[in-house]
Amino acid sequence: MNRALRLVRRRLITAIPVIGLVIIGAFLLLEAAPGDAVDAYILSLGGADANMVAELRASWGLDQSPWARLLAYLAALARGDLGWSVSFSRPILDIILERLPNTLLLMSASTALSFMLGSALGIFAGARPGSLRDRLLSVGSLALYAIPGFWLALVLVIFFSINLRWLPLSGIETIASGKHGFDRALDIGRHLVLPVASLGIIYLALYLRMMRAGMAEVWRQDFIRAAQAKGLSRQRIVLRHVARNALLPVVTMLGLQSAAMLGGSVVIESVFAVPGLGRLASEAVASRDTPLLLGIVLVSALVVIAINLMVDIAYALLDPRVGAAEAS
Amino acid sequence: MSDITLSRRSLLLTTSALLASTAMPTLLLAEEAKPGGRLIVAADSEPKNLNPAIVASNGVFFIASKVIEPLAEASFDDENGLSPRLATSWEGSPDGLSVTFKLREGVTWHDGKPFTSADVAFSALNIWKPLQNLGRVVFKDLEDVETPDDHTAIFKFSTPTPFQLIRNALPPLTSVVPKHLYEGTDIAANPANSAPVGTGPYKFAEHKAGEYYRLEKNANYWDKDKPYLDEIIYRVLPDRAAAAGALEAEEIQLAAFSAVPLADLDRISKVPGIVVVSKGYEALTYQLVVEINHRRKELADLKVRQAIAHAIDKEFVVKTIFLGYAKPSTGPVPQNDPQFYTDDVPTYPFDVAKANALLDEAGYPKAADGKRFSLKLLPAPYFNETRQFGDYLRQALAAVGIDAELVNNDAAAHIKAVYTDHAFDIAVGPPVYRGDPAISTTILVQSGTPDGVPFSNQGGYSNPELDAVISKAAETIDESARTELYRTFQKLVATDLPLINVAEWGFITVARDSVKNVSNNPRWAVSNWSDTWLEP
């Protein structure tokens, strides 16, 4: 377990500069986009006179230079203050904490779906590389991977929500339903089926192909021949020897994909009207709400770092070689 | 039902014709109205500040107009197109220096306090005049509001202010908020801005960010037996395709403001139980306008602007881009404003040969590659239709040898580029017409607006004759003289083309047929819905 702890410590130390770079990068990118929060706000008003525009810029601090604003933001951040959102008129931390659970729920359910189903199908395909089922699964998964997420989402909606009316069309739960406890959990579950499926099915292909390719590689190794020579059952060879050795790169992929899932959730959250972090980010960009966007980027970076940390720990548990070098 | 129609044409009738077409079904339906039920409607934007006294915009009114009421509301059949709300009568003095409002008695705020003239005086002096985006124009000379008794408010102006303008501004600009909640506080940061307290038929219940707003029936509403609905829920649906699907799946019952894209209307109108209504937006007309940067020497030449006007096939734009749900424009005042509109203006029929001839005359012959000069074209991204018109305009200009380079921005970037940086040659904009030229349309051509004011003349155009007419009209008390000045204004704009008006359109409401009394006034989507009811 010492290995894992050392790993965690090292990761956390390297995370600090990463987060700093991410924040400054996001700030500069949004600064480079023409128009500011006042322009976006006046658009929602349908117009205003020159004094009002100037008063708003002054009261929102947008008349200061970008560097002054970045420094003020970083100084507040150092005190643990994420700031105030002008477009929501609320503290940013409150807004993010309200949206984060929905996105985490969506992300973890889709990741679990794509990882488990993907690697299971990958094992199924990789058990007999080159067989008919392997080819069918490979082609099928490629087709799925090529489908744009929003398109798949809309097709699922038309089929399951509009034509069959089996599942709710959008939202995270039935609005103002007054449901509690188990009923509410069930309701949220029903609402999550389609978004999770749309987000998960696309990434499923990645795990499937990775698992299958890894297994095809392992089959050629000497120790497999040894296992076969020992007279082990085929099932035991596939699961204990081939699949287990092919699993490591797939777990790495899991960590990398968690960031991609956050990106994909922007589209899926918009299509399904899920009040999550992804949609919040697109709203923050559209309204040029820089502190809100920086807050979202910061929290997303923390989530990705936490997931990668968990992946590293899982890695250390799966592979005794990982982290051993640092012990000496 | 005669008020449900797929043709935009029928929308653009005069008030009297609309009266004839709507009075009958409205009366019949009112008799059988059944109370109760929850109406769920689609909301595509999610305003955070719900105080219509500060933010007089359609996005805010859509929700807040059910909670907070204006002094009067637009109407198809009442005198001057106004029906009483919190005021029961209004009268301007002949010198234009005062307006007397008689206020409704027996009205209480949602928190139980009585509504009085003090609330009106406070709203006018402390909010409409100093804080509201449009009130800053209309009430700029408002000096005092006298309150001789609880139900009379007398507005005093320091310089003559046209009563016609005040009247036209009543529905959008005079939302009354409770003095007892706002007095002595920072008005812009008051919590009642996000959880409004009003006198309207519905009480604000909750807003779950990213999900919905919920309004509840106000059992003590001054109009007895109303409202009929128990609840209105605004469901936030950010995706353009979502509203149509939600209507079909019966998850929502109504989508206003063209939340269902025009391209889907033909299909969805055939779904049993769904009706498509183009009425109810007569006082919320949007204008499709080509904004011109007169700093470009080619565009400063009237002949070039005339050529561009002749190069645009307005009928094609209406048929192809708006799928018939619009009308070609003749000038800066839309045709469904019978008060000010005149068709006695120069017109520019679609004529490519004439456009080419004008450009040759102006001294910009076609080069060997068939091009005369290049322009930067910025279509506003707020509507599908403005973007599509940008694509069309590029082709239309190419046909007369003008090479337009399309620049696509998001909303905030577009506003900065056009109205602050002037980094455009021509832009496509959708300004809204607000029932009186003084608070819409004139700002697009008047000179003297500082840089950085969105939706104003930022094209560097200056015409002293036009400016004189606009400022004269702003202080003319006599209604027919004022109307005549705005007719002259339309003629001048259509002659000198500081901008080119292409088309004008209202929005479309799509609803389940169980929702009754839809679109029965010219600002229906942003009115109070006290007579709306649901067939069980």
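Conventions used here
Residues numbered from 1 in each chain as written. Chains lettered and ligands numbered in written order. Predicted model: local features only at pLDDT ≥ 70, side-chain atom pairs only at ≥ 80, totals over all residues. Helix = DSSP H or I, 4+ residues; strand = E, 2+ residues; numbered from the N terminus. Contact = placed C-beta atoms within 7 Å. Rg over C-alpha atoms; globule rule 2.2 N^0.38 Å. Buried ≥ 20, exposed ≤ 12 C-beta atoms within 10 Å, placed from the backbone. Domains from an automatic or database assignment. Core = buried A, V, L, I, M, F, W, Y, C linked by C-beta atoms within 7 Å. Expected span 1.5 Å × (residues − 1). Bend = angle between axes of the 7 residues up to and from the residue. Nonpolar A, V, L, I, M, F, W, Y, C, P; charged D, E, K, R; others polar. Pairing = 2+ DSSP bridges. Axes fitted to C-alpha atoms, helices over the stretch in contact; angles between N-to-C directions. Right-handed = clockwise from strand over helix to strand, strands pointing away. Parallel < 35°, antiparallel > 145°, perpendicular 65-115°, else oblique.

## As for the overall build of chain A
For step 1, the next point in the chain: Each helix and strand counted, chain A has 13 helices and 2 strands in total.
For step 2, the next point in the chain: Summarising its shape, the C-alpha atoms of chain A cover approximately 85 × 60 × 40 Å along the three principal directions.
For step 3, the next point in the chain: Long-range contacts, defined as pairs at least 24 residues apart, comprise 75% of the intrachain contacts of chain A with a sequence gap of at least 6.

## Here we look at the overall build of chain B
For step 1, the next point in the chain: When you go through chain B residue by residue, the secondary structure sums to 15 helices and 21 strands.
For step 2, the next point in the chain: At 24 Å, chain B has a C-alpha radius of gyration in line with the 24 Å of a compact globule built from 536 residues.
For step 3, the next point in the chain: Along the first, second and third principal axes, the C-alpha set of chain B runs to 75 × 55 × 45 Å.
For step 4, the next point in the chain: Counting across all 536 residues of chain B, residues that qualify as buried make up 54%.
For step 5, the next point in the chain: In chain B, the proportion of contacts linking residues at least 24 apart, taken out of those at least 6 apart, comes to 71%.

## Considerations on the domain arrangement of chain B
For step 1, the next point in the chain: Parsing chain B into structural domains produces domain 1 (8-67 + 200-280 + 508-534), domain 2 (72-182) and domain 3 (285-505).
For step 2, the next point in the chain: Placing a centre on the C-alpha atoms of domain 1 of chain B and another on those of domain 3 of chain B gives a separation of 32 Å.

## Looking at the nonpolar core
For step 1, the next point in the chain: Of all hydrophobic cores here, the largest spans 217 residues; its most connected members are V41, A243, A255 and V290 of chain B.
For step 2, the next point in the chain: The greatest single-element share of this core, amounting to 16 residues, is contributed by helix α8 (residues 181-219) of chain A.
For step 3, the next point in the chain: Among residues more than four places away in sequence, those in contact with A243 of chain B are A42, L237, A255, A259 and V260 of chain B.
For step 4, the next point in the chain: Counting residues in each nonpolar core, the second largest holds 24 residues, with L82, I92, V304 and I305 of chain A among its members.

## What to know about helix α10 (residues 234-271) of chain A
Residue and element names in this part refer to chain A.
For step 1, the next point in the chain: Its 38 residues place the ends of α10 only 45 Å apart at the C-alpha level, less than the 56 Å of an ideal helix rising 1.5 Å per residue.
For step 2, the next point in the chain: The largest bend in α10 is about 45°, located at A243.
For step 3, the next point in the chain: A positive phi of about 50° marks A273, the residue just after α10.

## A word on the interface of chain A and chain B
For step 1, the next point in the chain: Each partner contributes to the interface: chain A provides 40 residues, whereas chain B provides 41 residues.
For step 2, the next point in the chain: For the side of chain A that touches chain B, the secondary structure elements donating two or more residues are α2 (37-45), α3 (50-59), α5 (92-126), α7 (149-163), α10 and α11 (277-286) of chain A.
For step 3, the next point in the chain: Broken down by element, the residue count for the side of chain A that touches chain B peaks at 6 residues, all from α2 of chain A.
For step 4, the next point in the chain: For the side of chain A that touches chain B, a count of residues per class yields 22 nonpolar, 10 polar and 8 charged.

## A look at the sheet that holds strand β5 (residues 98-103) of chain B
Strand pairing in a sheet is mediated by backbone hydrogen bonds. Such pairs are either parallel or antiparallel.
Residue and element names in this part refer to chain B.
For step 1, the next point in the chain: Judged by pairing direction, the sheet is antiparallel, and its 4 strands sit side by side in the order β4-β5-β7-β6 without closing on themselves. At either end of the open sheet lies a strand with only one pairing partner, and these are β4 (87-92) and β6 (142-149). Taken pair by pair, the neighbouring strands of this sheet meet at an average axis angle of 20°, ignoring direction.
For step 2, the next point in the chain: Bridging between β4 and β5 involves 5 bridges; their strand directions are antiparallel.

## Structural notes on the pairing of strand β15 (residues 373-379) of chain B
All names here are of chain B.
For step 1, the next point in the chain: Sheet analysis places β15 next to strand β16 (residues 402-406), joined by 5 bridges and oriented parallel. Across the sheet, the residue bridging to S374 is D403, located in β16.
For step 2, the next point in the chain: With helix α12 (residues 384-398) bridging β15 and the parallel β16, this β-α-β connection has right-handed handedness.

## Side note on the environment of A380 of chain B
Residue and element names in this part refer to chain B.
For step 1, the next point in the chain: The topology assignment puts A380 in the loop between β15 and α12.
For step 2, the next point in the chain: You can call A380 buried: it has 25 C-beta atoms within 10 Å.
For step 3, the next point in the chain: The spatial distance from the C-alpha of A380 to the C-alpha of L492 is 26 Å, given a sequence separation of 112 residues.
For step 4, the next point in the chain: Ignoring sequence-local partners within four residues, the contact set of A380 consists of T386, H414, A427, V428, G429 and P430.

## Here's the deal with the pairing of strand β9 (residues 212-217) of chain B
Residues and elements named next belong to chain B.
For step 1, the next point in the chain: By the criterion of burial, β9 is predominantly enclosed, with 5 of the 6 residues buried.
For step 2, the next point in the chain: Where strand β8 (residues 202-208) lies against β9, 6 bridges are found, and the strand directions are antiparallel. Paired with F204 across the two strands is L215, which belongs to β9.
For step 3, the next point in the chain: Adjacent in sequence and paired antiparallel, β8 and β9 are bridged by 3 residues, among which G210 carries a positive phi angle near 80°.
For step 4, the next point in the chain: Judged from the 5 bridges that link them, β9 and strand β10 (residues 231-236) form a sheet pairing that is antiparallel. Bridge pairing in β10 places L215 opposite I232.

## Section: the sheet that holds strand β17 (residues 426-429) of chain B
For step 1, the next point in the chain: Spatially, 6 strands are ordered β14-β18-β13-β17-β15-β16 (chain B) in an open sheet, and the strand pairing comes out mixed. Of all strands in the sheet, those bounded by a partner on one side alone are β14 (327-328) and β16 of chain B.

## So, the environment of A316 of chain A
Residue and element names in this part refer to chain A.
For step 1, the next point in the chain: Tracing the sequence through the fold places A316 in helix α12 (residues 290-318).
For step 2, the next point in the chain: In this structure A316 comes out as buried when scored by C-beta crowding, with 21 C-beta atoms within 10 Å.
For step 3, the next point in the chain: Sequence separation between A316 and L7 is 309 residues; the distance between their C-alpha atoms is 8.8 Å.

## Remarks on the packing of α2 of chain A against helix α13 (residues 411-420) of chain B
For step 1, the next point in the chain: Packing of α2 of chain A against α13 of chain B leaves a shortest axis separation of 8 Å and a crossing angle of 100°. The pairing of α2 of chain A with α13 of chain B is recorded here as roughly perpendicular in orientation. On α13 of chain B, the residues that touch D39, A40, I42 and L43 of chain A of α2 of chain A are A411, A412, I415 and K416 of chain B.
For step 2, the next point in the chain: A breakdown of the residues in the contact of α2 of chain A with α13 of chain B according to their chemical character gives 6 nonpolar, no polar and 2 charged.

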